[in-house]
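What follows is each chain in one-letter form.
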Amino acid sequence: MDNQNSKIYRCYGALLRKQRQWPPTTLSESPLAAPAGKLRRRQIWQPQVWNKAHFLCALLVLFVLGQKPLIAGEADPGSGSLTFHNQVGSSFEAPRLHTQVRMQISGIIARVEVTQRFENPEDQWVEGLYAFPLPENAAVDTLRMLVGERVIVGEIKEKVAAQQLYDQAKAAGQHASLVQQHRANLFRTSVANVGPHESIEVTIGYLQIIDQQAGRYSLRFPLTITPRYLPGAIVQNTQWTASELITAESPVGDISARSSNAHDMATVADLSPQLAAADLARQSVSFDIDIDAGVPIDNVRSAYHPLSMTTRDGRYHLRLKDETAAPEHDFELSWVPTVQGEPGASLFRERTDAGEHVLLMFMPPHETSRIATPREVIFIIDTSGSMGGESISQARAALLNGLSTLKPQDRFDVIQFNSIYETLFPEPVQSTARDVERAKQYVHGLRANGGTEMYPALQAALQMPTRGEFLRQIVFITDGAVGNEDELMQLINEKLGAARLFTVGIGSAPNGAFMRKAAQMGRGTFTYIGSTSEVDERMSDLLRKLEHPVLTNIQVQWPAGVTADYAPSSIADLYAGEPVVVTARVTGSLRGTLAISGTSATAWTRQFSLNERADRQGVSTLWARRKVEGLMDLRASNVDESSIRSQVVPLALQYGLVTQYTSLVAVDRTPARAANEQLESHRIANTKPQGSAWPTVAMPKTATLAPLQLLLGVLLLLTAFGIRCIGKRPSI
């Protein structure tokens, strides 16, 4: 029992001993001196007072003891550390982690290296386990481990084989690192045999295509994880207070599934990680970014992290103004080319042993006409516990913004969901001033609470009665913090019909992979809102897309003799301001003209010369990444997973990609830890997303005895109350 709890129990014991001194032993104090009628009343009334006081004290003791964190530190172990307890009760300081992100941006392609430095502050050997997000379109293809002066390069292997190789190295005392993918944007690094006071660096490399919206280029680098809700899971951690279980989703440490399709426990732990308060001494991140856009750029902006910028020879070098930051809010960078006029096409190629690969990106027409068809807009807002704090304010503001744009000829409805869902109207209603105002009042009263049961709410929206003369648009406002993405994708694939689904990501660290894929499958778009100040601008951009025609039925015609394997296999519908991105592995001679056509307000065509193309490394990897993504999407169509796996694994091994079936593993063949020295495995806590209401796993190291002082103060008040009650004599 720790020192603080001992003091609390001693205080409580003293109060109980005081209670046992009743009734008093001296005759002058004895109630026997009172008249008979008063004696009976007092003898009955006095024990009731003490019983009530005793009961209240017990509740207070349990309340204060319940405030002890899930993983708490020793008394004042020093600022800037996170302390855990192992199974035998001894304490240890968690490995510290610094992340350095280096970005080389060339045109529309970014090569990114993420270096994670694990520092072991303990006198024992440790294994560090760290779950982290990456961009949902990242093609992870590189792993290097630096141990002292030695650099060990990782190999791509099937997931089971990579895990076995890592486990063997761990048992043999060898330095080893393993990078696994659990979701499209969720990875885990395992580092074995980090010696006492030793540092090991693990570098992960990936490629991604830069996003473009209305002429602005942007990329987002996720920095922490919002714990994801797993329907059908039971929280087994009994140290959460009842109020926390009711009002928020518990970040799950130990769960079991009610269904036979039980979740893999390692994956579950990564989906619902431990969270710790932001502390640069425990976990920090830095950025080093080079931009070679090929043209002059302007309006370079980082919405959440102030930057310093220098320019030289047309290149732009960016760093954080404060050099390091806490990884508590996703990093977003954007810029605008200063070249005016119609954006041109970008065509890149790369030839490898696997064939010729191309990447084409161009802008569709700029349409100004609005959709003539009246709209039927269904707004879905997530009010679950993970949306607590700033997120629910952003979500309410986004929904109010959307309601304000409705026209009298439109129809609408509002659905809010947490553990259950609720519709404002039984079916969409006309957008009268009275009903829109009623909806706004309803939205103002929404609060974050409960679990993220997303499926029933989405199903209700997709199955609402509709009229053929209306174009149905579903605007889904959420942080996407769910773990049953496949089930939701299958629902969208089966029930979408003629509707369009637009997703709005809310919060410091939303699940962008799910939301972008849901919008893609729903023939809509994904919009990210990271702060309340961005609501008007970004919702206005989204609503412009809702009101303007799409480019549909996009067709690509190659020169004679050329065949193309597209990734993905079809090109999605496009809205105003969005670029067309085509990747393909082709056979045949790439000479002549490429023609692209589509349907907008009128027929639309463009032609591009294949003779004017630039060689660019990474195009083949990006094609393979998108090809894997397209194959994984087949799960929503109930394609047998063994069939999908049989296509993904050879592709991933050929192109060296981390997927849900393949991993990167690096092993230093030289043993470092002696067989008789124990190895402790420590899961490294993620930094709590900024503005969220999630609790953290460890109390701050500058903690005071405030809970004890609070308990003592309340006990003294109860004691005074009891003495006063004893001193009163009730009338007959």
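Preceding block: the structure.
Predicted model only: the values in this text are computed from it and were never measured.

What counts and what doesn't
- Residues numbered from 1 in each chain as written.
- Predicted model: local features only at pLDDT ≥ 70, side-chain atom pairs only at ≥ 80, totals over all residues.
- Heavy atoms only, no water.
- Pairing = 2+ DSSP bridges.
- Helix = DSSP H or I, 4+ residues; strand = E, 2+ residues; numbered from the N terminus.
- Axes fitted to C-alpha atoms, helices over the stretch in contact; angles between N-to-C directions.
- Salt bridge = Lys/Arg side-chain N within 4 Å of Asp/Glu carboxyl O.
- Buried < 20%, exposed > 50% of the residue type's maximum accessible area, 1.4 Å probe, protein only.
- Phe/Tyr/Trp six-rings, centres within 6.5 Å; stacked < 30°, edge-to-face > 60°.
- Lys NZ or Arg CZ within 6 Å of the ring centre and 35° of its normal.
- Contact = heavy atoms within 4.5 Å.
- Polar contact = N/O pair within 3.5 Å; in protein donor to acceptor, adjacent residues only side chain to side chain.
- Parallel < 35°, antiparallel > 145°, perpendicular 65-115°, else oblique.
- Left-handed = near helix turned anticlockwise from the far one by under 90°.

Chemist: Tell me what's going on with the sheet that holds strand 34 (residues 593-599), and back it up with residues and numbers.
Modeler: The strand order across the open sheet built from three strands is 31-34-35, with neighbouring strands paired in antiparallel fashion. Each having just a single partner strand, strand 31 (552-557) and strand 35 (603-609) make up the two edges of the open sheet. Neighbour-to-neighbour, the strand axes of the sheet open up by a mean angle of 15°, direction not taken into account.

Chemist: Can you tell me about the pattern of salt bridges, naming the residues and giving the values?
Modeler: According to the stated counting rule, one finds 29 salt bridges in the structure shown. We note a salt bridge from Asp410 to Arg375, for which the minimum N-O separation is 3.4 Å. In this pair, Asp410 sits in the loop between helix 6 (390-404) and strand 25 (411-417) while Arg375 sits in strand 24 (residues 375-382), placing the two residues 35 residues apart along the sequence. Like Asp410, the residue Arg375 is buried in the burial classification. As a salt-bridge pair, Glu376 and Arg472 come within 2.7 Å of each other at their nearest N and O atoms. Linking Glu376 in strand 24 with Arg472 in strand 28 (residues 471-478), this pair joins segments that are 96 residues apart in sequence. Overlapping salt bridges, with partners in common, bring together Arg349, Arg351, Glu356 and Asp615 in one network.

Chemist: Mind laying out the packing of aromatic side chains, listing which residues take part and the relevant values?
Modeler: Inspection of every chain in the model, using the stated rule, returns nine aromatic pairs. For the pair Tyr304 and Tyr528, a centre-to-centre distance of 6.3 Å together with 75° between the ring planes defines the contact as edge-to-face. Separated by 224 residues along the polypeptide, Tyr304 in the loop between strand 18 (297-302) and strand 19 (307-312) and Tyr528 in strand 30 (residues 526-529) bring together distant segments of the chain. Tyr304 gets classed as buried once you look at its relative accessible area, which sits at 17%. Residue classification places Tyr528 among the buried positions, given a relative accessible area of 5%. Ring geometry for Phe412 versus Phe425: centroids 5.7 Å apart, planes at 85°, classification edge-to-face. Here Phe412, found in strand 25, pairs with Phe425, found in the loop between strand 26 (421-423) and strand 27 (429-430); they are 13 residues apart in sequence, far enough to count as distant. Phe425 carries the same exposure label as Phe412, and that label is buried. Through a chain of ring-to-ring contacts, the aromatic side chains of Tyr130, Phe132 and Phe187 assemble into a single cluster. The ring centre of Tyr528 lies 4.6 Å from the NZ or CZ of Arg220, which sits over that ring.

Chemist: So what about the sheet that holds strand 38 (residues 679-683)? Which residues, and what values?
Modeler: Taken in spatial order, the six strands line up as 8-37-9-10-5-38 in an open sheet, and their pairing is mixed. The open sheet has two edge strands, strand 8 (155-158) and strand 38, and neither has a second partner. Neighbour-to-neighbour, the strand axes of this sheet turn through a mean angle of 25°, independent of strand direction. Packing of helix 13 (residues 641-655) onto the sheet brings it into contact with strand 8 and strand 37 (662-671), and relative to strand 8 it is tilted by some 165°.

Chemist: Give me the lowdown on the side chain of Asp435, citing residues and values where you can.
Modeler: Examined against the element boundaries, Asp435 turns out to sit in helix 7 (residues 433-444). By relative accessible area, Asp435 is classed as buried at 10%. Leave out the neighbours within four places in its chain, and Asp435 touches Phe412, Phe425, Val429 and Gln430.

Chemist: I'd love a proper account of the side chain of Asp330, names of residues and values included.
Modeler: Mapped onto the elements, Asp330 comes out in the loop between strand 20 (315-320) and strand 21 (331-337). Polar side-chain contacts of Asp330 include one of 2.6 Å to the side chain of Arg220. A polar contact is formed between the side chain of Asp330 and the backbone nitrogen of Leu223, at a distance of 3.1 Å. If we ignore the near neighbours within four places in the chain, the residues touching Asp330 are Arg220, Phe221, Pro222, Leu223, Thr224, Tyr304, His305, Ser508, Ala509, Pro510 and Tyr528.

Chemist: Tell me about the packing of helix 12 (residues 619-632) against helix 13, and please be specific about residues and values.
Modeler: Here helix 12 crosses helix 13 at 165°, and the two axes come no closer than 10 Å. In terms of orientation, helix 12 lies roughly antiparallel with respect to helix 13. Crossing of helix 12 over helix 13 shows left-handed handedness. On helix 13, the residues touching Ser620, Trp623, Ala624, Lys627, Val628, Leu631 and Met632 of helix 12 are Ile644, Gln647, Val648, Leu651 and Tyr655.

Chemist: Break down unusual backbone geometry for me, with residues and values.
Modeler: In this structure, the amide linkage connecting Ala567 to the following residue, Pro568, adopts the cis form with an omega of -5°. Along the polypeptide, Pro568 turns up in the loop between strand 32 (563-567) and strand 33 (580-587). One non-glycine residue, Asp313, lies in the positive phi region at around 55°. Assessed through its relative accessible area of 73%, Asp313 is described here as exposed.

Function cannot be inferred from these measures alone, as they are strictly geometric.
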